[in-house]
Structure formats: structure tokens, C-alpha cells
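Residue-level structure breakdown
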Amino acid sequence: MFIVEHLITSFIASAAFGIIFNVPKRALPQCGFVGMVGWLIYIALVNYFSVDMLLATLVAAVFIAIISQTFAKFYKTPIIVFNVSGIIPLVPGGMAYDAMRHIVENDYSTAVQLATKAFMVSGSIAIGLVFSEVINQMIKRSKI
């Protein structure tokens, strides 16, 4: 039941974020699917394979970018539509909020730890997206 709840909520979160950013209505299910698969990979790696959170985020971001590239080609839609909506479940917003809350409460040591972790997770997301794009460009150039 744990996985099903996560799949449903990550699908809804990704699709809802697509609505907020005016994604074409025909692409909303795909946006939700991309976010759902990325979150499934993250949850599976962290909870079942005991992989570090940063590595799990990196792997999930790579898969999100790969699926986004595939959907962009298949549905003839810009890749950013699927990338941005799909990456939303991985964004460490709660962790950043907790860091700010600890700053307000004058608990600076915990705040620095949480802020550093949120920054590193954000970096893992960025590196994963860039890494996937580099691989995609290398594949395109080798076919020419």
C-alpha cells in the first residue's frame, strides 16, 4: 500500500504542477507519468536498496530526463514540459522549509545541515538532468 500511495500522490503532484505552468492538456497524463516513475525509482532505491538519498536523486533525475526526451520526441512537445513537471516530486522543498524554520528558531547548526542537504539534493537533480542531456547529445552525434 505504501508504494501505491506514493505513486498516486506523485502522479497528481506532477500533473497538477503541469496545470499551474500551462502545460497542454493532452500532455498532463504524460507529465504525471514522468513524475510518478521518477519518484518510484527514488523510493525504491532509498527504501528497498538502501542507496544514499543523493545517489537515488541523481539516478531518478537521469531516468526522468530520459523519459522526458522520449516523450518529447514521441508527442512532438518541448522536453521542458515533461522535465519540469516530472522533477517536482524530487525537489527538496520540505527540507528547505525546515532549514528556514530552524534559522528562525535560532537553531543554526541544524539549519546549516538541512540547508546543505537541500542544496546537495538540488545539485543532484541538476547533474542528473545535465548528464542525461549530454548522453543524448553524444548519441545524436554518433548517428550522424
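Residues numbered from 1 in each chain as written. Predicted model: local features only at pLDDT ≥ 70, side-chain atom pairs only at ≥ 80, totals over all residues. Heavy atoms only, no water.

To be explicit about the condition: UniProt positions are given in the numbering used here, feature names are shortened, and annotations may be inferred rather than shown by experiment.
The name an unreviewed UniProt entry assigns to the protein chain is Threonine/Serine exporter ThrE domain-containing protein, from the organism Schinkia azotoformans MEV2011. As its UniProt record puts it under Sequence similarities (unreviewed entry), the protein chain is described as follows: "Belongs to the ThrE exporter (TC 2.A.79) family." Reading the Subcellular location (unreviewed entry) entry of the UniProt record for the protein chain gives the comment "Cell membrane".

1. A short note on the overall build of the protein chain
This is how the line gets drawn: Secondary structure follows DSSP: runs of H or I at least 4 residues long count as helices, runs of E at least 2 residues long count as strands, and numbering of each begins at the N terminus. To sort residues, take the accessible area from a 1.4 Å probe on protein chains only and compare it with the maximum for the residue type: under 20% means buried, over 50% means exposed, and anything in between is partly exposed. In what follows, a contact means two residues having at least one pair of non-hydrogen atoms within 4.5 Å. Method for areas: the Shrake-Rupley scheme with a 1.4 Å probe, in which residue coverage is limited to the protein chains shown. The charge count treats Lys and Arg as positive and Asp and Glu as negative. His and the chain ends do not count. Charged groups are reduced to one reference atom each: NZ for lysine, CZ for arginine, CG for aspartic acid, CD for glutamic acid.
Within the protein chain, the secondary structure is distributed over six helices and zero strands. Along the chain direction, N to C, the helices and strands of the protein chain fall in the order α-α-α-α-α-α. C-alpha extents for the protein chain along the principal axes are approximately 55 × 35 × 30 Å. The burial tally for the protein chain puts 38% of its 144 residues in the buried class. Counted over contacts in the protein chain with a minimum sequence separation of 6, partners at least 24 positions apart contribute 64%. Carbon and sulfur atoms provide 73% of the accessible area of the protein chain, an area that totals close to 8,600 Å². Distance from the positive charge centre (9 side chains) to the negative charge centre (6 side chains) of the protein chain: 24 Å.

2. Considering the UniProt feature "transmembrane region" (unreviewed entry) in the protein chain
Here, UniProt's "transmembrane region" (unreviewed entry) annotation points to residues 6-24, 31-49, 79-97 and 117-135. Secondary structure within residues 6-24 divides into 79% helix and 0% strand; the distance between the first and last C-alpha atoms comes to 25 Å. Taken end to end, residues 117-135 is 100% helix and 0% strand, and its first and last C-alpha atoms sit 27 Å apart.

3. Quick notes on a nonpolar patch on the surface
Stated formally: To count toward a patch, a residue needs a relative accessible area over 30% and no salt bridge; like charges are then connected within 9 Å, while nonpolar side chains (Val, Leu, Ile, Met, Phe, Trp, Tyr) are connected within 5 Å. Any Lys or Arg side-chain nitrogen found within 4 Å of a carboxyl oxygen on Asp or Glu counts as a salt bridge.
A grouping of Met1, Val4, Ile8 and Ile12 is seen on the molecular surface, where their side chains present a nonpolar patch of about 430 Å² in accessible area. You can see Met1 is positioned in the segment before helix 1 (2-20). The exposure class of Met1 is exposed, given its relative accessible area of 73%.

4. Looking at the environment of Ile103
Residue placement: Ile103 occurs in helix 5 (residues 93-104). Separated by 21 residues in sequence, Ile103 and Phe82 place their C-alpha atoms 34 Å apart. Apart from the residues lying within four places of it in its own chain, the contact partners of Ile103 are Tyr108 and Ala111.

5. Let's talk about the environment of Ile127
Looking at where Ile127 falls in the secondary structure, it is placed in helix 6 (residues 108-143). Distance in space between the C-alpha atoms of Ile127 and Val59 is 9.8 Å, their sequence separation being 68 residues.

6. Remarks on the side chain of Ser10
Looking at the secondary structure, you find Ser10 in helix 1. If we ignore the near neighbours within four places in the chain, the residues touching Ser10 are Gly32, Gly35, Met36, Trp39 and Pro89.

7. Details of the packing of helix 2 (residues 28-48) against helix 4 (residues 79-87)
Basically, it comes down to this: A fitted line through C-alpha atoms represents every axis, and for helices the fit uses only the stretch in contact; the resulting angles, taken between N-to-C directions, go from 0 to 180 degrees. Here is the rule for angles: anything less than 35 degrees is roughly parallel, anything more than 145 is roughly antiparallel, 65 through 115 is roughly perpendicular, and the remaining ranges are oblique. Crossings are assigned a handedness: left-handed for a near helix turned anticlockwise from the far helix by less than a right angle, right-handed for a clockwise turn. Gly is placed with the polar residues, together with every amino acid not listed as nonpolar (Ala, Val, Leu, Ile, Met, Phe, Trp, Tyr, Cys and Pro) or charged (Asp, Glu, Lys and Arg).
Contact pair helix 2 / helix 4: the axes reach a minimum separation of 7 Å and the direction vectors enclose 50°. For the element pair helix 2 / helix 4, the angle class is oblique. Helix 2 and helix 4 meet at a crossing whose hand is right-handed. For the pair helix 2 and helix 4, contact is made by Gln30, Cys31, Val34 and Gly35 and by Val81, Phe82, Ser85 and Gly86, respectively. Of the residues assigned to the contact of helix 2 with helix 4, the class counts are four nonpolar, four polar and no charged.

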